[in-house]
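# Structure at a glance
What follows is the residue order along each chain.
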Amino acid sequence: MLKMRQTAALALFALAGGAQAGQPVWISIGDQAYQQLRKLDAGVKSQQSRQLAADGRLAKGAAGETVHVVQVDEALLPKLSDAIHENLRHCGGYIVHGNQQEARAALNGAAAPLAKALAPSYAIDNQAAVNKLLPQLQDSNILGTIQSLSNYQNRFYTTSHGVNASNWIAAQWKQLAGSRTDVTVEQFAHASWPQKSVILTIKGTDNSAETIVLGGHLDSTIGSGTGESSRAPGADDDASGVASLTEVVRVLLASNYQPRRTIKFMAYAAEEVGLRGSADIAKRFKQQQANVVGALQLDMTNYQGDAQDIFLFTDYTNAAQNTFLANLAKAYLPSLKVGYSQCGYACSDHASWTAQGYAASFPFESSFNNSNPYIHSRNDTLANSDSQAKHALKFSQLALAYAVELGSDGPAKALR
Ligand code: BES
Ligand code: ZN
C-alpha cells in the first residue's frame, strides 16, 4: 500500500535526520559488529542468528559470518557506527528493519541456503523453442485481460468483486488448459479471507519434482479504507502482471509445449495487504519441501517510466537468477534495454519466496522512482498506462523465455 511505501521512506528519513533517543529498533548485524554492540550494551541479546555468505540487503560481514537479529535502542546506533568504524575499520555492519518480522525475513531470505542448494543450471540453450514461441505472444490479448480485470469495481481481498475476479481468472485459465491431462487449475483457499489465489500447473515430463513459479497478484486496492463500493481498477497494479502471465500461458499451451520441470503460474490473493496470499503459498511449499528452483514476479508491467524497458530489482531477489534474466533479455530481446533498481523494502510477492529461501526475481516496468503514479487510486486505468499493452508484452516475452529455458531442463544428475 501507499502507506507502507511512505513508512519505508519515513524510516529512512528519521534515521538520516538523527534518531530520537529511546526508540527500540530491530536490526540485522554481522557477528563482528555484534561483538562491538555487546561492548556498548551488554544487555542486548541475539533473537535469531544464521551463518551465511552475506549478500544483498543483509548486514554485510565476511562470507560465512554469522548474522544476528537484535533489538536495540535507536540512540545506540550512532555509537555503534563509530565503534564499527574505529575498531573494525569499515562502515555499516548492520541494517535497520521495520519490525522483528522483517528483520527475521531478511535473515532467512538472504541466508538462502535452500536457494543455493537448489541453484539450477542457467544455461541458455533452447533457442529453437523460445524463438518459435516468442512471436506468438500478442499485445492485443494482454490488453483484453487488463480490460476485463480492471472492469471489476475493485479486486480487494475481502469484497465480492475480489472473489469474483479470482473466479474469473480460474475460469480463463481452465479454458486455456483445455483437455490436457498434464495441466490443472486450482484455487488456493486462504483461512483468513474469502479471495482465493489461482494456480495453473503444467506438470513436468521427466523432472516434475523441480518446479518453476511465475506469479503476479490479482487483488487491487485504493488503501486501507477499500470496501465493497470502492472503485479500484488496478489496471497496472496488477492486472498488467496477471495479463502478461496469462498470455504466456496461452502461447505455451496453444503450442502444446511440454516442460521437463513443472511450471506453475500463480495469481496471488491479498498482496496489497501485506503479501499475505503469496506468504501462505510459499510457506506451504517450504513446509512440503517443494523443490522450487526459481520464482518470477510480475507486478506492474504496463507503464514505461524510463528510457530503459525492464528493470531488475536487486533487493529481496536472487543475484544469480537476476543475471540469468539479464542474459535472457540479451539473447532473445536484444532491442530491449535493461536497468536495475530497488524498492528498499519487501514490496511484492517475490519477497515471500525469498523469505522461504527460494530464488526469486522481480522484473519491473520502470525504476522505483519513476513508476506509475496512479496506482492505489481510481485512476490506475489502462488510459493512464500503455493503452496498447506494448510495454506489458515485453514482460510476457521475458517470462516466456524464462519459463522455457528453465522449464526445459532435465533432472540435475543427468544434466551435470
Ligand atoms: N506493485 C506494488 C509494489 C511497487 C510499487 C513496486 C511501486 C515498485 C514500485 C505492490 O502492489 C504494493 O503496493 N506493495 C506495497 C507493499 C506491500 C507489502 C503491501 C507497497 O509498495 O506499499
Ligand atoms: Zn499495489
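Reference entry: report on the structure contained in this document.

Owing to its 3.6 residues per turn, the α-helix brings residues three or four apart onto one side. End to end, helix 11 (residues 319-332) covers 20 Å across 14 residues, agreeing with the expected 20 Å (1.5 Å per residue, within 8%). Capping of helix 11 at its N-terminal end is provided by Asn-318; its side-chain oxygen lies 3.1 Å from the backbone amide nitrogen of Ala-320.

An order of 11-10-13 is seen for the 3 strands of this open sheet, with the pairing classed as mixed. Of all strands in the sheet, those with a lone pairing partner are strand 11 (338-341) and strand 13 (363-364), marking the two edges. Helix 11 contacts strand 10 (310-313), strand 11 and strand 13 of the sheet and is inclined by roughly 165° relative to strand 10.

As a further point, take the coordination of the zinc ion (ligand 2). Taken together, the protein ligands of the zinc ion (ligand 2) are Asp-237 (OD), Glu-272 (OE), Glu-272 (OE) and His-376 (NE2), with distances of 2.0 to 2.3 Å. In this structure, the zinc ion (ligand 2) is coordinated by 6 donor atoms arranged in irregular fashion, with angles at the metal of 58 to 157°.

Here the structure, examined in full by the defined rule, presents 7 salt bridges. The closest approach of N and O atoms between Arg-261 and Asp-409, which form a salt bridge, is 3.4 Å. Here Arg-261 is found in strand 8 (residues 261-268), whereas its partner Asp-409 is found in the loop between helix 13 (390-407) and helix 14 (412-415), with 148 residues between them in sequence. Residue class for Asp-409 comes out buried when judged on its relative accessible area of 5%. One continuous salt-bridge network, built from bridges that share partners, spans Glu-210, Arg-261 and Asp-409.

Right, let's talk about the pairing of strand 9 (residues 291-297) for a bit. By the criterion of burial, strand 9 is predominantly enclosed, with 6 of the 7 residues buried. When strand 7 (residues 207-217) meets strand 9, the two strands line up parallel, connected through 6 bridges. Following the sheet pairing, Thr-211 is matched in strand 9 by Val-292. In this structure, strand 9 lies alongside strand 12 (residues 360-361), joined through 2 bridges in parallel fashion. Bridge pairing links Ala-295 to Ala-360 in strand 12.

It is worth spelling out the side chain of Ser-240 at this point. Relative to the assigned elements, Ser-240 resides in helix 9 (residues 235-254). A polar contact is formed between the side chain of Ser-240 and the backbone nitrogen of Thr-301, at a distance of 2.9 Å.

As for its placement among the helices and strands, Asp-236 is situated in helix 9. The side chain of Asp-236 is buried and forms no salt bridge, while Arg-155, the nearest opposite charge, is found at 9.5 Å. A polar atom in the side chain of Asp-236 sits 3.1 Å from the side chain of Asn-372.

Here we take up unusual backbone geometry. For the peptide bond that leads from Asp-237 to Asp-238, omega is 0°, which places it in the cis range. With respect to the helices, strands and loops of the structure, Asp-238 is situated in helix 9. At Ala-270, a residue that is not glycine, the phi angle is positive and equals roughly 55°. Topologically, Ala-270 is positioned in the loop between strand 8 and helix 10 (276-287). Even without being glycine, Met-300 reaches a positive phi, approximately 80°. With respect to the helices and strands, the residue Met-300 is situated in the loop between strand 9 and strand 10.

Per the counting criterion, the structure on display carries 10 aromatic pairs. With 5.0 Å between their ring centres and 85° between their planes, Phe-156 and Tyr-157 make a pair best called edge-to-face. Classification of Phe-156 by relative accessible area gives buried; the value is 6%. Under the relative-accessibility criterion, Tyr-157 is labelled buried at 15%. Each residue in the set Tyr-122, Phe-324 and Tyr-402 is aromatic and connected to the rest through ring pairs, giving one cluster.

On inspection of all chains with the given rule, the structure shows 1 disulfide. In this model, Cys-343 is linked to Cys-347 through a disulfide, with the two sulfur atoms separated by 2.3 Å. Residues Cys-343 and Cys-347 share a disulfide whose torsion about the S-S bond is about 75°; that sign makes it right-handed. By the burial criterion, Cys-343 is buried, and Cys-347 matches it.

For strand 1 (residues 24-30), the buried fraction is high: 6 of the 7 residues fall into the buried class. As paired strands, strand 1 and strand 3 (residues 66-73) are joined by 7 bridges and run antiparallel to one another. Of the residues in strand 3, the one forming a bridge with Trp-26 is Gln-71.

What counts as what
Residues numbered from 1 in each chain as written. Chains lettered and ligands numbered in written order. Predicted model: local features only at pLDDT ≥ 70, side-chain atom pairs only at ≥ 80, totals over all residues. Heavy atoms only, no water. Helix = DSSP H or I, 4+ residues; strand = E, 2+ residues; numbered from the N terminus. Expected span 1.5 Å × (residues − 1). Polar contact = N/O pair within 3.5 Å; in protein donor to acceptor, adjacent residues only side chain to side chain. Pairing = 2+ DSSP bridges. Contact = heavy atoms within 4.5 Å. Axes fitted to C-alpha atoms, helices over the stretch in contact; angles between N-to-C directions. Donors = N, O, S within 2.8 Å, 3.2 Å for Na, K, Ca; no water. Tetrahedral: all angles 85-135°; square planar, octahedral: opposite > 155°, others 65-115°. Salt bridge = Lys/Arg side-chain N within 4 Å of Asp/Glu carboxyl O. Buried < 20%, exposed > 50% of the residue type's maximum accessible area, 1.4 Å probe, protein only. Lys, Arg positive; Asp, Glu negative; His and termini not counted. Phe/Tyr/Trp six-rings, centres within 6.5 Å; stacked < 30°, edge-to-face > 60°. Disulfide = S-S within 2.5 Å.

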